[in-house]
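Geometric and topological summary
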Amino acid sequence: MIMVTAGHVDHGKSTLIRALTGMNTDRLPEEKRRGMTIDLGYAFMPLRDGTRLAFIDVPGHEKFINNMLVGVSHVRHALLVLACDDGVMPQTREHLQILALLPLNSLTLVLTKRDLVDDQTAAKLASEGIVLLAEYGIEASGVFEVCANDAGDSGVETLKQHILDIAEQQSTQAEDASSFRMTLDRAFSVKGAGCVVTGTVISGSVCIGDSLYSSGQKAKLRVRGIHCQGMEVHRALSGTRVALNLTGVDNHRAPARGDWLSSLPQAELCARPVVQIRSFEPLTHWQNVHCHHGADHTLGRVSLLDEADEQGRYLAEIVLDKPLLLCQDDPIVLRHIGGKQTLGAGRVLAVKVPNRKKRTPERVSKLQQLAQLSNPVNVLALLGQSEALSIDEIRWRWQLTDEGLAAMLAQAGLTRLGTYGLSTQLLEQEKQQFIELLREYHQQHPDQLGLGRNRLQRMSHSILPNELANKVLDSLCQDGQMVLCGALLQLADHRIVLDSEAQQCWQRLAPWLALQTSPVWVTEMGEYLELEPAKLRLLCFQLVQQGFITAVVKDRYLLSELLCHYANLVREHVETHGKLETAEFKDLIGLGRKVSIQLLEFFDRSGFTRRKYRSNSREIRDGELFYSHENWRKNIGVEPTQDCWQPYPDLKSGRLTGDDVLPIEDLGIVENA
Ligand SMILES: Nc1nc2c(ncn2[C@@H]2O[C@H](COP(=O)(O)OP(=O)(O)OP(=O)(O)O)[C@@H](O)[C@H]2O)c(=O)[nH]1
Ligand SMILES: [Mg+2]
């Protein structure tokens, strides 16, 4: 457990910590000389169970408020110190404001310098203090009067017992669900040990030997030693102060205050977080502010997304000068640009923001909904309804271990698909959308096999990222709702048909083609059928798609059946001779050299054969291709007839039926298929 002090300058914070722990928190020579705290000081007190409590002593002077902010970030227990002879002063109020913005578990009011005033003044101040706390909606867990200068003061002893009681109620059990994350407030070099960093463990735990990511370092750092609450340990848990001895530090850029250490790979820095701001005074749009996040600090501007609600809370995007490493619900304390007063604090709601349509009523209302939720499970469930979140993003935003991630996804009702998580409803909705689109497409283009994945995704304007959309389509294929035909997706019940005109042409063309000994040019086909070029092209396109004919080169076709026959010859030849020379192929098929080369190159392009490097011989690459296979009819969805058949290869390689087959509108270059 960690407890932080707060209060006006010279109100006796450091003296109180010394009385409680016997340790002097003012360690810098400058602090000793001036008799005031400048930077954070640390001290430890043994607890009843043998563990230790850490105190962070903060400076009270307004000039050092930045250091105070570093000290209080992520601390859950505070001692508000009020000097009896001085009363409530500006920094008492300011520190209290800052504490009020943080999710504190306990705040204890301590009236110091009790020896300097009478009972009546002390009683008056105590009630004043309680009223002040109430102004910020805080109830003190106890009010104590001490004279910290006096070694045997009973007030100090009573306070000590109170602190021990609070510590006893806090459980510091290891949270297996959260991964390690820590903000650095100091980094220095120790002779013989090397780099040592100190800070507060915000979540998870760290062990000796762990490798950690650092926001200020490229390489991972290894933990060589750990001091937790001032004692050497093997493992440190969240809610404690630790000093880590690290190895692997880049000498060009030593770790520094404001850096983050984490066991998860760190997410991208965020330059425009969306936050819910609780503010003490009205904010204006585009107001300049100081932003304090953990031990990090930057300037920013508040871009308001809505009006303040009854409790003075705004939704806003903060446009940061320097991007910060943020997680969900992280607090960002906002101070006036002049540095004179605290404005409020923002709670991070979103780290990825759209560039446009930021203030649409739907978006604002969704953010408002999000801001109402405090339980991370509910937040994730809400987000998962309208978007697919990457697993890495979920992991980082809520700092989850593998166990924590699985539990959180299950509780939020999210399905994991590949590297994404999304709600079951959203998944169903997307599946239905794909099916509907494909159905519509089949209705409009009954002569087409179907749509390529990318085209279907583009047409659906799917909110899913490509990778995830592919997974959804895969699962639709696995469920048997869609069928993958080459590279084209079609609904399982889709059957393509040749229109009656094409059917008639094909019936005339098929016997003629069967008589041709070599591939025919499209012009020859045109002369035979007496068809105008546009119609002929459409016919060829349909016939290629159905697998009746195949284009060896642009505008030159042969029956797919004949192609399979040639493929069989190649297969047999290579089986017996180990390779096939171009000249041998020419003799095998009994055609000219030019067309033989065209055929062989077609086989190469299809992945059936491979031409050996700097040689005229070929070997088989994928022997499965170009088999005349009975099953093709089922795949292609055309009822078997005597004169129609589709070689298996096209379905497998997808070369002729894939996305590279151009849509029917581009008929001019269709033959390229
Ligand atoms: N008489 C009396 N003097 C006290 C008591 N507590 C602190 N002082 C004196 O008050 C002065 C300031 O005390 P510090 O503990 O340095 O005050 P601080 O709040 O830490 O000050 P900053 O760190 O600069 O904000 C010192 O001279 C202390 O001796 C007390 O209970 N009684
Ligand atoms: Mg001090």
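Residues numbered from 1 in each chain as written. Chains lettered and ligands numbered in written order. Predicted model: local features only at pLDDT ≥ 70, side-chain atom pairs only at ≥ 80, totals over all residues. Heavy atoms only, no water.

Bringing the pattern of salt bridges into the picture now. Where charged atoms from two side chains of opposite charge come close, those side chains can pair. On inspection of all chains with the given rule, the structure shows 28 salt bridges. Its salt-bridge partner being Glu30, residue Arg33 comes within 3.0 Å of it at the nearest N-O pair. Placement of the pair is Arg33 and Glu30 together in helix 2 (residues 29-34), with a separation of three residues, close to one helical turn. Its relative accessible area of 31% is what places Glu30 among the partly exposed residues. Between Asp39 and Arg257 there is a salt bridge whose closest N-O contact spans 3.0 Å. One end of the pair, Asp39, is in the loop between helix 2 and strand 2 (41-46); the other, Arg257, is in the loop between strand 14 (241-247) and strand 15 (260-262), and 218 residues separate them in sequence. Of the residues examined, Asp39 reaches a relative accessible area of 17% and is grouped as buried. Ionic contacts of the salt-bridge type, sharing partners, join the residues Glu30, Arg33 and Arg34 into one network. (Salt bridge = Lys/Arg side-chain N within 4 Å of Asp/Glu carboxyl O. Helix = DSSP H or I, 4+ residues; strand = E, 2+ residues; numbered from the N terminus. Buried < 20%, exposed > 50% of the residue type's maximum accessible area, 1.4 Å probe, protein only.)

Turning to the coordination of the magnesium ion (ligand 2), a few remarks are in order. Those donors, Ser14 (OG) and Thr37 (OG1), are the protein atoms that reach the magnesium ion (ligand 2), and they lie 1.9 to 2.0 Å from it. Of the two residues, Ser14 sits in helix 1 (residues 13-21) while Thr37 sits in the loop between helix 2 and strand 2, which places them 23 residues apart along the sequence. (Donors = N, O, S within 2.8 Å, 3.2 Å for Na, K, Ca; no water.)

With that out of the way, let us pick up the packing of helix 11 (residues 424-444) against helix 13 (residues 466-478). It is at 10 Å that the axes of helix 11 and helix 13 come closest, and there the two elements cross at 75°. Judged on the interaxial angle alone, helix 13 and helix 11 are roughly perpendicular. Touching Leu427, Lys431, Phe434 and Ile435 of helix 11 are Ala469, Val472, Leu473, Ser475 and Leu476, all from helix 13. Taken together, the residues that form the contact of helix 11 with helix 13 break down as seven nonpolar, one polar and one charged. (Axes fitted to C-alpha atoms, helices over the stretch in contact; angles between N-to-C directions. Parallel < 35°, antiparallel > 145°, perpendicular 65-115°, else oblique. Contact = heavy atoms within 4.5 Å. Nonpolar A, V, L, I, M, F, W, Y, C, P; charged D, E, K, R; others polar.)

For ligand 1, the set of nearby residues contains 19 residues, the closest of which are Lys13, Ser14, Thr15, Thr37 and Gly60. Take Gly12: an N or O atom from its main chain is 3.0 Å from an oxygen atom of ligand 1. One of the side-chain N or O atoms of Thr15 is found 2.5 Å from an oxygen atom in ligand 1. In the complex, the protein chains occlude 82% of the 640 Å² of accessible area that ligand 1 would expose alone. A class-by-class count of the residues in the shell around ligand 1 yields six nonpolar, nine polar and four charged. (Near = heavy atom within 4 Å. Polar contact = N/O pair within 3.5 Å; in protein donor to acceptor, adjacent residues only side chain to side chain. Areas by Shrake-Rupley, 256 points an atom, 1.4 Å probe, with all protein chains shown as cover.)

The end-to-end C-alpha distance of helix 17 (residues 560-577) is 25 Å, a good match for the 26 Å that 18 residues give at a rise of 1.5 Å each. Regarding helix 17, the residues found buried are Ser560, Leu563, Cys564, Tyr566, Ala567, Leu569, Val570, Arg571, His573 and Val574. Within two residues after helix 17, Gly578 carries a phi angle of roughly 85°, on the positive side. (Expected span 1.5 Å × (residues − 1).)

Sheets are built from strands paired through backbone hydrogen bonds, the pairs being either parallel or antiparallel. As summarised here, the arrangement of the three strands in space is 22-24-23, forming an open sheet in which the pairing is antiparallel. Strands at the two margins of the open sheet, each flanked by one partner only, are strand 22 (389-390) and strand 23 (414-417). Pairing analysis gives four bridges linking strand 23 to strand 24 (residues 420-423), with the strands arranged antiparallel. Its bridge partner being in strand 24, Arg416 is matched across the sheet by Gly421. Contacting strand 23 and strand 24, helix 11 crosses the sheet at an angle of about 90° to strand 24. (Pairing = 2+ DSSP bridges.)

Note on soluble globular proteins: their nonpolar side chains tend to be buried together. Formed by 39 residues in total, the largest nonpolar core has its most connected members in Val4, Ile56, Leu96 and Leu107. Secondary structure elements with two or more residues in this core: strand 1 (2-6), strand 2, strand 3 (52-57), helix 3 (65-72), strand 4 (77-83), helix 4 (90-101), strand 5 (106-112) and helix 5 (119-135). Ignoring anything within four residues of it in the chain, the contact list for Leu107 reads Ala78, Leu80, Leu96, Leu99, Leu133, Ile138, Glu139, Ala140, Ser141 and Gly142. Counting 25 residues, the second largest nonpolar core, distinct from the first, contains Leu349, Leu367, Leu380 and Met408. (Core = buried A, V, L, I, M, F, W, Y, C linked by side-chain atoms within 4.5 Å.)

Looking now at the packing of aromatic side chains. Think of a pair of aromatic rings as described by two things: how far the centres are apart, and how the planes are tilted against each other in angle. Evaluated as defined, the whole model comprises six aromatic pairs. Look at Tyr136 and Phe280: their rings are 5.7 Å apart centre to centre, the planes differ by 90°, and that puts the pair in the edge-to-face class. In this pair, Tyr136 is assigned in the loop between helix 5 and strand 6 (142-145) and Phe280 in the loop between strand 16 (274-279) and strand 17 (287-293), connecting sequence segments 144 residues apart. Residue Tyr136 is classed as buried on the basis of its relative accessible area, which comes to 16%. Between Trp512 and Tyr528 the ring centres are 4.6 Å apart and the planes differ by 10°, which places this aromatic pair in the stacked class. Note that Trp512 is positioned in helix 14 (residues 500-515) and Tyr528 in helix 15 (residues 522-529), a separation of 16 residues in sequence. (Phe/Tyr/Trp six-rings, centres within 6.5 Å; stacked < 30°, edge-to-face > 60°.)

Among the nine residues in strand 21 (residues 342-350), eight count as buried, and that is most of the element. Summarising the sheet, strand 16 and strand 21 pair through six bridges and their orientation is antiparallel. Pairing of Arg278 across the sheet is with Ala345, part of strand 21. By the bridge criterion, five bridges tie strand 20 (residues 331-336) to strand 21 in an arrangement that is antiparallel. By the bridge assignment for strand 21, Arg335 is matched with Thr342. In this structure, the hairpin formed by strand 20 and strand 21 is closed by a connection of five residues, where Gly339 is found at a positive phi of approximately 75°.

A low pLDDT means the predicted coordinates there should not be read in detail. Scored by pLDDT, the protein has a mean of 87; 92% of the residues are at 70 or more. Contacts for the low-pLDDT stretch residues 629-673, under 50 throughout, to residues beyond four places or in other chains number 109 contacts. (pLDDT = per-residue confidence, 0-100.)

Let us look at the side chain of Thr37. Residue classification places Thr37 among the buried residues on the basis of a relative accessible area of 8%. A polar contact is formed between the side chain of Thr37 and the side chain of Ser14, at a distance of 2.8 Å. Of note is the side chain of Thr37, whose polar atom sits 2.8 Å from the side chain of Asp26.

This brings us to unusual backbone geometry. With glycine set apart, most residues show a phi of negative sign, and most peptide bonds adopt trans. Positive phi values are uncommon outside glycine, yet Gln399 reaches one of about 50°. Relative to the helices and strands, Gln399 resides in the loop between helix 9 (391-397) and helix 10 (402-412). Judged by relative accessible area, Gln399 falls into the buried class, the value being 5%. Within the chain, Asp555 stands out as a residue other than glycine whose phi angle is a positive 70°. As for its position among the elements, Asp555 is in the loop between strand 29 (549-553) and strand 30 (556-559). With relative accessibility at 16%, the residue Asp555 sits in the buried group.

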